[in-house]
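Fold and contact review
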Amino acid sequence: MKVFARNRALRDLAITLVVVFGVGSLAMLFAHVSPVVGFGALFDGAFGTKEEFAETLVQATNLLFPALGIAIAFRAGLFNIGAEGQLILGGLAAGWLGAEFPLPGYLAVPMVLVAGALAGGVWGAIPGFLRARFGANEVIATLMLNVVATLLATYLVGGPLAQAGGGDQETATLPKAAQLPDLLANSRLTWAFLIGLAVAFGLRWVLRRTVFGYELRAAGDAPEAARRAGIDLGRTALVAMALAGALAGLGGATIVAGVLHRFNTGLSPGYGFIAIAVALVGNLDPLWILLAALAFGMLQSGGVAMQAEAAVPREVVSLVTGLVIIALAGRRVLATRRTT
Amino acid sequence: MNALLATLGAVLGLTLVKATPLIYAALGGVLSERSGVVNIGLEGILIAGAFVSVVVSGATGSPVLGACAGVLAGALVAAVLAYAATRLAVDQIVAGTGINIAALAAAAYGLVLIYNQPGASHEVPALGQGGETALIVLAFVAAAVLHVVLSRTPWGLRVRACGEDPGAAESAGIDALRTRFWAVVIGGAIAGLGGVFLSLAELDLYSDGMTAGRGFIALAAVIFGRWTPFGATGAALFFGFFAALQYSLQRAGVPSELMQALPYLAALVALAGFAGRVRAPAADGVPFVRP
């Protein structure tokens, strides 16, 4: 047990496993399904074939970007519940610009991704600005902006940005040049996964090796000391939130450019919220988050198979995700979170 | 003229119906936050109240028993948050977010287990027109009672003390953790009644997503109402009025999304301090740990 006392990351991992398998098994027993059969179907659906494993990686990628954004904000002492809204607006910007104003050749994909990151970044910067300028609580602000983002996207897609060729709730299809290239045939796995890997490693380097990363961590770990050392807390909050939004927005853009090839209001089944669990289980460290994203990606992709093969409603996946978040809410990293 | 009056009457009636669940949830939020615990989990509490009341009403045939069970369910879900926020001193926002996700999923799972169908329950015995009216009136009574309790009773003073400075409250002999725990649990019971109203008074069944973010609108009402029972009730009525107007205004060419976004935009404006001085309880959201 000593190792758990010393290493919080390991202890949290143990808690997570207990919640997932304990509560998951209980829920399956309520549905009169043996947990062995239920989890068997889940693992088989997530790893059984090459294509199924590819889908697990797709889901992991979709969770990775918003989780990295949430982690960055947490490290700066801010809670960004707004990843969902940032991701949706990033996807909308990517889908609309990519379909309407495609750049030629190799510029098309970068433009789509940059558009998504910018839109998400702006949406993240709003609560950052409100916080820096007016001291507005970023938690409530991001929570409110989530709903506003969803409504804004629904309005824009249904009205001003409505497409002749697209459906009611979606933009037109992206031209081939604006789509992320596939990594594996017969799957939805694209270069988005590799971009995610690069961003995770890059972010770790930024956090550990750059002045900005140091200031960000200082603002989160000891805001008063950071302020006395001359770090501008308001500016740090603004930049951290903009960066967090940009990461989630980039995630939305990769879903559009890689998975759906258009923006759709049903783009996210709550990636921005599941990503909170991913960030917490990942100990707010980009590399651990990679592994956590893989684990939750497995639950997402395997959950579908579990429902089909073992007749376990796949809501059990959301249930254990929510409980994992509750169980890990006591992390010490969060205890220093600035409140107002 | 008579037609206009009739329209006005219909809009005002609809306003009350739309505002009532918001009032209950917002009052629960006010009590919780005045004790120093931010209750992001209001949405989950509404879901629990709405779902459990339908299940119990269906099983027993008594909507009144169902309503009682819904209140109890709200209190129980709130107790999870309260225990985590007081004894375990966890991050309240993170825990509340988890509660919302878990409650939505648990209700969806329960639908499949109990009714053997995803999406919605069967129709169950509901409270009817009389029950609906009673619950609407009770919402305003609850606001008045909460106002008196918070501002005129020793327990209310203790709750507010814990929300402003739990350390000072403890040195005055108040058990801050216990006070916060019960404030959150009672707040959950009140908010649970909002869920009961949605499923057993406005309708006679539970369906996935029927709370539709009302817990978050209630949170906005708490802020816009400056953390007071009457303020939050007023804000809930204001938001309810626009929800009631939505259909008429949509016909007049105002996008319904704009109307739906209004509560959230209003809360942002209030948060940024554009709507006069707004101050949360000083220790709102700060876990208290005994030295």
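These lines cover the structure that appears in this document, whether it is placed above or below. Just so we're clear, the structure is a prediction, and the values are computed from it rather than from any experiment. (Residues numbered from 1 in each chain as written. Chains lettered and ligands numbered in written order. Predicted model: local features only at pLDDT ≥ 70, side-chain atom pairs only at ≥ 80, totals over all residues.)

**Description of the overall build of chain A**
Along the backbone of chain A there are 15 helices and zero strands. For 340 residues, the compact-globule estimate of 2.2 N^0.38 gives 20 Å, and the C-alpha radius of gyration of chain A, at 20 Å, lies within 12% of that figure. The 340 residues of chain A split such that 60% are buried. Intrachain contacts of chain A at a sequence separation of at least 6 include 78% that bridge at least 24 residues. (Helix = DSSP H or I, 4+ residues; strand = E, 2+ residues; numbered from the N terminus. Rg over C-alpha atoms; globule rule 2.2 N^0.38 Å. Buried ≥ 20, exposed ≤ 12 C-beta atoms within 10 Å, placed from the backbone. Contact = placed C-beta atoms within 7 Å.)

**Describing the overall build of chain B**
The secondary structure content of chain B amounts to 11 helices and zero strands. Its helices and strands in sequence order give chain B the pattern α-α-α-α-α-α-α-α-α-α-α, from N to C terminus. In terms of overall dimensions, chain B is globule-like: its C-alpha atoms have a radius of gyration of 19 Å, near the 19 Å expected for 291 residues. Looking at chain B residue by residue over its 291 residues, the buried ones come to 57%. If you take every contact in chain B between residues at least 6 apart in sequence, the share linking residues at least 24 apart comes to 78%.

**Structural notes on the interface of chain B and chain A**
The interface of chain B with chain A comprises 39 residues on the first partner and 38 residues on the second. For the side of chain B that touches chain A, the secondary structure elements donating two or more residues are α4 (92–115), α9 (214–224) and α11 (256–271) of chain B. Here the side of chain B that touches chain A takes 15 residues from α4(B), the largest share from any one element. In the side of chain B that touches chain A, the residues fall into 31 nonpolar, six polar and two charged. (Nonpolar A, V, L, I, M, F, W, Y, C, P; charged D, E, K, R; others polar.)

**What about helix α12 (residues 271–281) of chain A?**
Residues and elements named next belong to chain A. For α12, the tally of buried residues reaches 11 of 11 residues, placing the bulk of the element in the interior. Every buried residue of α12 is accounted for by Tyr 271, Gly 272, Phe 273, Ile 274, Ala 275, Ile 276, Ala 277, Val 278, Ala 279, Leu 280 and Val 281. Phi turns positive one or two residues past the end of α12, at Asn 283, with a value near 60°.

**With respect to the packing of helix α14 (residues 315–327) of chain A against α4(B)**
Interhelical geometry of α14(A) versus α4(B) gives an angle of 160° and a closest axis separation of 7 Å. What the angle tells us is that α14(A) and α4(B) run roughly antiparallel. By crossing handedness, the relation of α14(A) to α4(B) is classed as left-handed. Contacts between α14(A) and α4(B) involve A:Glu315, A:Val316, A:Ser318, A:Leu319, A:Thr321, A:Gly322, A:Leu323, A:Ile325 and A:Ile326 from the first element and B:Val94, B:Ala95, B:Thr97, B:Gly98, B:Ile99, B:Ile101, B:Ala102, B:Leu104, B:Ala105, B:Ala106, B:Ala108 and B:Tyr109 from the second. When its residues are assigned to classes, the contact of α14(A) with α4(B) shows 15 nonpolar, five polar and one charged. (Axes fitted to C-alpha atoms, helices over the stretch in contact; angles between N-to-C directions. Parallel < 35°, antiparallel > 145°, perpendicular 65-115°, else oblique. Left-handed = near helix turned anticlockwise from the far one by under 90°.)

**Regarding the nonpolar core**
With 239 residues, the main nonpolar core has A:Val278, A:Ile289, B:Ala26 and B:Ala221 as its most contacted residues. A total of 17 residues in this core trace back to one element, the largest contributor, which is helix α11 (residues 233–260) of chain A. Sequence-distant contacts of B:Ala221, defined by excluding residues within four places in its chain, comprise B:Leu22, B:Ala26, B:Ala232, B:Ala235, B:Ala236 and B:Phe239. (Core = buried A, V, L, I, M, F, W, Y, C linked by C-beta atoms within 7 Å.)

**Side note on the packing of helix α2 (residues 42–60) of chain B against helix α8 (residues 176–202) of chain B**
Residues and elements named next belong to chain B. Viewed as axis vectors pointing N to C, α2 and α8 meet at an angle of 55°, and their least axial separation amounts to 7 Å. Classified by the angle their axes make, α2 and α8 are oblique. Taken as a pair, α2 and α8 cross one another with a handedness that is right-handed. Facing α2, whose interface residues are Leu 42, Ile 45, Leu 46, Ile 47, Ala 48, Gly 49, Ala 50, Ser 53, Val 54 and Ser 57, α8 presents Gly 188, Ala 191, Gly 192, Leu 193, Gly 194, Gly 195, Val 196, Leu 198, Ser 199 and Leu 200. For the contact of α2 with α8, the class distribution of residues is 12 nonpolar, eight polar and no charged.

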